[in-house]
Structure formats: C-alpha cells, structure tokens
2 protein chains.
Amino acid sequence: MQAREEATAMPDCGVIRVAMTAAAEAYDVHVGADVLDRLPAMLRQAAPAFRYAVISDDHVAHLYGSELIRCLREDSLTVDLFTFPSGEANKTRETWSALTDAILGAGVGRDACIIGLGGGVTGDVAGFVAATYMRGIPVVHVPTSLLAMLDASVGGKTGVDVDAGKNLVGAFIQPRVVLADTTVLRTLSDSDFRAGLAEAVKHGFIADLRHLEWIERHGRDILERDPGHLVELVRTSVAIKAAIVTEDPFEIGRRATLNFGHTIGHALERVSRYSIPHGYAVAAGMVVECRIGEILGVSAPDTASRLLAVLYSLGIPVMLPDVVDDVVEATRSDKKGRASSVRYALVARPGQGARTGAGGWTFEVQPEVVRTALRAALVALSQENTGV
Amino acid sequence: MQAREEATAMPDCGVIRVAMTAAAEAYDVHVGADVLDRLPAMLRQAAPAFRYAVISDDHVAHLYGSELIRCLREDSLTVDLFTFPSGEANKTRETWSALTDAILGAGVGRDACIIGLGGGVTGDVAGFVAATYMRGIPVVHVPTSLLAMLDASVGGKTGVDVDAGKNLVGAFIQPRVVLADTTVLRTLSDSDFRAGLAEAVKHGFIADLRHLEWIERHGRDILERDPGHLVELVRTSVAIKAAIVTEDPFEIGRRATLNFGHTIGHALERVSRYSIPHGYAVAAGMVVECRIGEILGVSAPDTASRLLAVLYSLGIPVMLPDVVDDVVEATRSDKKGRASSVRYALVARPGQGARTGAGGWTFEVQPEVVRTALRAALVALSQENTGV
C-alpha cells in the first residue's frame, strides 16, 4: 500500500511542514527585604495586563492578601483576589477548576495576568490555572514561604496532585517575574522555615559546595532569620536553581539532579498520606538516596553522614517511617519512573551531582538496593535517637 | 522604601535572571488517501515512545480503533486504547480527568505518546490530556473528520468547554506529526462533511482567493467526495492554515483571522445549546461577520453574497436563530473579547483578511452594529427561504 501510494502522482498525497517558532522566555527573580511595594512597577514592566487576578490560599490571603490588593490598587491597577482552602490536600483538579470558574465568572479575559501569592502549593495551583486559562495567560509569583522562594517559584513547573500521585497533572509555564520578599519569612512557623531549608541544603549538595559550606558556617544566623542571611540564602539557592533549569528547561538532562531526595521523598509523603511536610520528606529522602549512592559506589563515603550533620545543625528532623516495603512500592508510581524501572538522581559527593558512565543524570536502582539503603538509614537514625 | 532598598549594599537585595530557551517545534502534516498504514513508521521517526495511548470517542473507536491498534501492534509498538463518549457535550474537564486517570491507572509514564484518533472534539481532548499529563508528553493527531483534518489538527490549540463558554480551559501543544487519511472521509455523514467544508471556505475567504475559486469550480466533485479532490481540498486548506499559524503561533497578530466567523459562530452554538454543529455555526457566523464588515466599510460590497452563494452551492445550511439580543449577549463572554469590548476578525474581500489602520487583525465592533448585521442577515435568509 505504501509503495503504491508513493508511486501515485500528486495530488493523491502531500506533506505540509508546520514550522512553529517558540520565543525564548527570560524572567527576573527579585530577592530582597521589604521589596513587596516594588510589585506594581514590576508588573507594569514585566507583566502589563488589563486586569490582575491574585490567587492565594485563605491562610496567606488573611496575612498578606489585603495589603497586596491595596498596594496594587493604590497604583491604579485593576485587581481581584481569589482564594482556596490552604494545604497540600487542596492541590487538586477540583481547586483548579473552582478557581478557574471563579475567575471566568468575574469576566477576566485573555488580557489578564495571574499573581500567585503564597507557598509552593499556591504557586503550583496558580501556575496551572494561568497555564490553562484560555490556553494560557501570564503568571507572576510572589512566594511567601522559604520553600516557594528558593525552589518552587523558579523553573516553571506547575501542577496538581491526583490519586495516582503528586504533580501528575500540570504544565510548564515560566513566570513573567518573581518577587521574593524575605521579610515575610520572619513570620513563618519554625516547621515551615526548616522544611524550606532542606531544599537549600539540597541545592548545596547537588551543585555548589560553597553554598553548602556557607550554610554549615552560618546555621545560627540562618535559624535566627537574620535579614541579610535570609537574602543571601534565598539568592544563592535561586541562582543555583536558575543555572540548572536554564541549562535544561524540560528536564531531559541535568535538571533531573533537582530531584535528588525526591523519589524517596515523594514516596514518604505518599505512605504517610502527606502528614510529613514536603521539605522534611525531601530531607529524609536525601539521606536515603545518599545511602543508595554509597551502596552503588556512586557517592563518596560519608556523604550521608555530612548530610545528616548539616540537617541536624539546622534542626531539620529526619523522619523515616519503619515501612520499608511500602516506601519501595510507592516509589514505583512516581512519574520519574522510566519504563518499568525507577531512576534516581544521586550525588557524587557533597556539592556535585552524579553522572552515569553514559553521561546521564539518573541511575536505575534495583528495589533491593533501595530496601538496603532504607534499612541502613533506619538503623543510623535509631542509633542517633538512642544516643548509641 | 524603594529608594532605601536600592541604596542598601548587597546582600540585601538581588536579581537573578532566568533565561529559558524554548525549542522551535516543527512537524509534518501528511495528507493522502490510504495512508493510515504509514502511521507506525511515522511514529518511530517523529514520535518515538515507550508506549502509545490512543484516545478516541466510542463512535470512532468502533469504526477505526481496532484497526489502528492492530496496525501498531503488528509493528511491535506497545499501545492501548482509551475511549470517551462521543459528542461536544463530553468535551469537558470531567472527560479529561477520567482519561488522564485511566492512562495513569494503566501505568503509562512520561516516556509515552498520546495519539488522538477522531474528530475535532477528540483532538482537543487528547491534546489537552497530552499537554497536562505529567506536565506534558508528546501528541500525534490522526484526524478522522474533515473539520479536524483541515483545521483542528494544525496549530496546537487544545481545550475543553466549561459553563462559561467553549474552549475556555486548554493549552497550546504542537503535535509531533499529523496523519490525515482522506479515505475515511468517504464514510462521514453528509452533515459532518458539509460542516467541515465551511472551514475550507473560511480558509479561502481569509487568505487565498485561488482556493476559494477552486472550491467554487469543483463543488460537485467535492460533494461526490472524489478521492483526488478530497486530498487537494485538505492539503490546500492545511497549507493555508499552516502558513498562518507559523507566522503567528500564539495568536498575537494574523492568526486572529482564523477566528473569522467564530465570534458569532460560538455565540450561535451557545444560544442553541450546541444543537447547531460547529461548522454550520461558523458558516452562519461568517455570513453575519461579512455583513458587519460591509456595514463598517471594512469588507467590499457583495462579500456576504459571494459567501452565501458558495455555501449554498456546497449544500451548507445557514441557520440563524431569530434571537438577536441573545446572540449579541453571548458574544460578550467569548474569550476573544479584549477588555470589555468584543473584537472581530473580518475580511477585506473574498480571499483577504482585513487589517485595521494600526495594522491589527481584529476590529472592535459596537453591539448595535452586530445587531444590525444579524437583522440584515435574518432578512436576507428569510428572502432566500421564501424565494423572494
């Protein structure tokens, strides 16, 4: 049939080439103390729009929503606030639908811009609303948690959770601008603050020994939330992440290193039914994945012990439930799983992500190795806890 | 505050530039008779994947689903079929959710590719599933309706309908390849076939007088669905649309001309509660929008009458419900509405889209003009129908 077809004279078949060009997307992440009132000027410059729709959860909306709305309205911008119930449990398609319908109901058109005001959940939801609202309108992130500032608001990943797993439905959408006002970090709970620190430690571990050493040296100032140290912490982490996602926007190479700690981390979140905060789950996940690397000979010896030391010095708890088989099973439905195997981003040593012999950034790890690493980590943690 | 901040020495503030590059996306649209069995080779070349998930509605799945699955499996590709109930009424977030969950439930990972097999609704739904599945996996379109072949499968628009209007939730995702086998058009219902012809007429009207003249000359061969004429019809329309979307992928300029007939068309669909097929609604919409253009002096005189003549020669009914105010009201929630006004893509004359004095491609039209045009079109149609 094919041969006949190719032998047939035109116009019986034809090929039309559609050559779409995509514009490069560049944006600035502004990090500073007391910079929130710069937002109107930034919006006018980087995200001019006829209307602005602020998306926030009810908790953050209560703290900063009216201040933000007032700040924008004083500058004669048209803006409305749309809220949803706070918490990872509400990072769902239902929340996304309800917000979309509310914004549509308010008559917001294509010439609008979404502003995500809040933590990682809000950034993910607001970004996904923007990515799919009338096939995509601009988004601006105003992160209010440490985790969102140094991680979630950079790189364009958005999404919601479904029964089958976290972030399995979503889109890539780069923000027009990000404004991280570190002053708001001073009112963050200790738990949320420390959960965010875990991602900063990750940035040091996968890409920048100096950042790790700076964190190790300045643990006390960081924990006391000294303004200058907060700015430095966020700025360096954002720069590290920005360098990685710039190099590999669609996660076909080095960007996978950002998943260090996350394969086990997501599994821990799932088996705990999300009772372990994301940052803490990643902290424990990094510990286990360091052990995996050590077992495979990919990570230098004592990588895990240095990680544990810095986590303890920052007061980040390493919580590992004693359900090894459940955790291993939960890793198998993570979307980073390629074909039927599960692949892990590992570190070669503190400050450097590991590469495979073939130049890749992820390693296929057999379930038995994961089990061994989990058991080893459990033993090490119980010894710490009992002072052995 | 800003002045103080800018005067402060580092590290109290900082800006990190994130420069994302986006790859250009080019793909081929293959148009021909009996070309379906080329699909496996095309997939291997343009969309290699570990698994393929075919999305189709139950009607098309019954006609072509098993043939397609067999064809791919014979070539040792791993493929599964996922169906949803046919009809525009099912182009919803609920269908999108259910398909996503079914594909997740089958363990399909990121290294998969979606194949949309069906008409415009299927292409829209399958594309939106692909665009949001694990933040985006590749999609291939195998359109089976004339409308989908010459319009919906090119340009990357996907989406679903919500209460507030059609296609208000969606994404842009360019397919990896499109395979239009014109043989399947021979089994299409007259109604579906003619609805598709309306979009071909639109392509002629907005961009290519020769295509319009060719359609006017070959109406009989087209209606008899002569294989060679079907290929020529689809190929030329696809080439016209491809040229337009290539020039303006994100609809900031000329691409808006493709909306000719659609502002009124979508309003007609809404007020009829989608009982008027999309192609027929666009046909009537084009007639009204020609009248609008004539009233404004944007369209040459007799543009509407030439349009009516070619529509009648192709047996495309022009159905215009006698509810002028409802139609005008329904245009106001269309997403093409910019700010509070409603903008229309118009034609200067048959074969040429109209530009504004400022070089734009859409015109702001006052509701009163729309009302006048609707009434004029109703009068003209009633005269046709009564033989006056």
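Residues numbered from 1 in each chain as written. Chains lettered and ligands numbered in written order. Predicted model: local features only at pLDDT ≥ 70, side-chain atom pairs only at ≥ 80, totals over all residues. Heavy atoms only, no water.

A. Examining the overall build of chain A more closely. What chain A contains, in helices and strands, is 15 helices and 13 strands. Taking 2.2 N^0.38 as the reference for a compact globule, 388 residues should give roughly 21 Å; the C-alpha atoms of chain A span a radius of gyration of 22 Å, in line with that estimate. With respect to the principal axes defined by its C-alpha atoms, chain A has extents near 70 × 70 × 35 Å. Looking at chain A as a whole, 60% of its 388 residues qualify as buried. Taking the contacts inside chain A whose residues are at least 6 apart along the sequence as the reference set, 76% of them involve residues at least 24 apart. Here chain A carries 38 positive and 47 negative side-chain charges, and the mean point of each set is 3 Å from the other. (Helix = DSSP H or I, 4+ residues; strand = E, 2+ residues; numbered from the N terminus. Rg over C-alpha atoms; globule rule 2.2 N^0.38 Å. Buried < 20%, exposed > 50% of the residue type's maximum accessible area, 1.4 Å probe, protein only. Contact = heavy atoms within 4.5 Å. Lys, Arg positive; Asp, Glu negative; His and termini not counted. Charge placed at Lys NZ, Arg CZ, Asp CG, Glu CD.)

B. Structural detail: helix 5 (residues 120-132) of chain A. All names here are of chain A. Here helix 5 contains 13 residues, and its C-alpha end-to-end distance of 18 Å stays within 8% of the 18 Å for a straight helix at 1.5 Å per residue. Judged by how many residues are buried, helix 5 sits mostly within the fold: 13 of 13 residues are covered. Phi turns positive, to about 50 degrees, at M134, one or two residues after helix 5. (Expected span 1.5 Å × (residues − 1).)

C. Highlighting the packing of aromatic side chains. All told, the structure shown has 3 aromatic pairs over all chains when counted by the stated rule. Centre to centre, the rings of W96 of chain A and F128 of chain A are 5.1 Å apart; their planes meet at 25 degrees, and the pair counts as stacked. On the criterion of sequence distance, the pair formed by W96 of chain A in helix 4 (residues 93-105) and F128 of chain A in helix 5 is long-range, its members being 32 residues apart. As far as burial versus exposure is concerned, W96 of chain A and F128 of chain A are alike and both buried. When the centroid spacing of 5.0 Å and the interplanar angle of 45 degrees are considered together, the rings of W96 of chain A and W96 of chain B count as tilted. (Phe/Tyr/Trp six-rings, centres within 6.5 Å; stacked < 30°, edge-to-face > 60°.)

D. Spotlight on the side chain of K202 of chain B. Residue and element names in this part refer to chain B. Here K202 lies in helix 7 (residues 190-207). Owing to a relative accessible area of 1%, K202 belongs among the buried residues under this scheme. Beyond its immediate sequence surroundings of up to four residues, K202 is in contact with D151, L258, F260, H262 and M286.

E. Region of the structure containing the packing of helix 4 of chain A against helix 5 of chain A. Residue and element names in this part refer to chain A. Running from N to C, helix 4 and helix 5 point in directions that differ by 55 degrees, and their axes come no closer than 10 Å. The angle between the axes of helix 4 and helix 5 places the two elements in the oblique class. Helix 5 is crossed by helix 4, and the crossing has right-handed handedness. For the pair helix 4 and helix 5, the contacting residues are T95, W96, L99, T100 and I103 in the first and V125, F128, V129 and T132 in the second. Taken together, the residues of the contact of helix 4 with helix 5 sort by class into 6 nonpolar, 3 polar and no charged. (Axes fitted to C-alpha atoms, helices over the stretch in contact; angles between N-to-C directions. Parallel < 35°, antiparallel > 145°, perpendicular 65-115°, else oblique. Left-handed = near helix turned anticlockwise from the far one by under 90°. Nonpolar A, V, L, I, M, F, W, Y, C, P; charged D, E, K, R; others polar.)

F. The arrangement of the pairing of strand 3 (residues 51-57) of chain B in detail. All names here are of chain B. The buried count for strand 3 comes to 7 of 7 residues, which makes it a mostly enclosed element. Pairing of strand 3 with strand 4 (residues 79-84), which is carried by 6 bridges, proceeds in the parallel orientation. The residue bridging Y52 from the neighbouring strand is V79, located in strand 4. For the crossover from strand 3 across helix 3 (residues 58-74) to strand 4, the handedness is right-handed. (Pairing = 2+ DSSP bridges. Right-handed = clockwise from strand over helix to strand, strands pointing away.)

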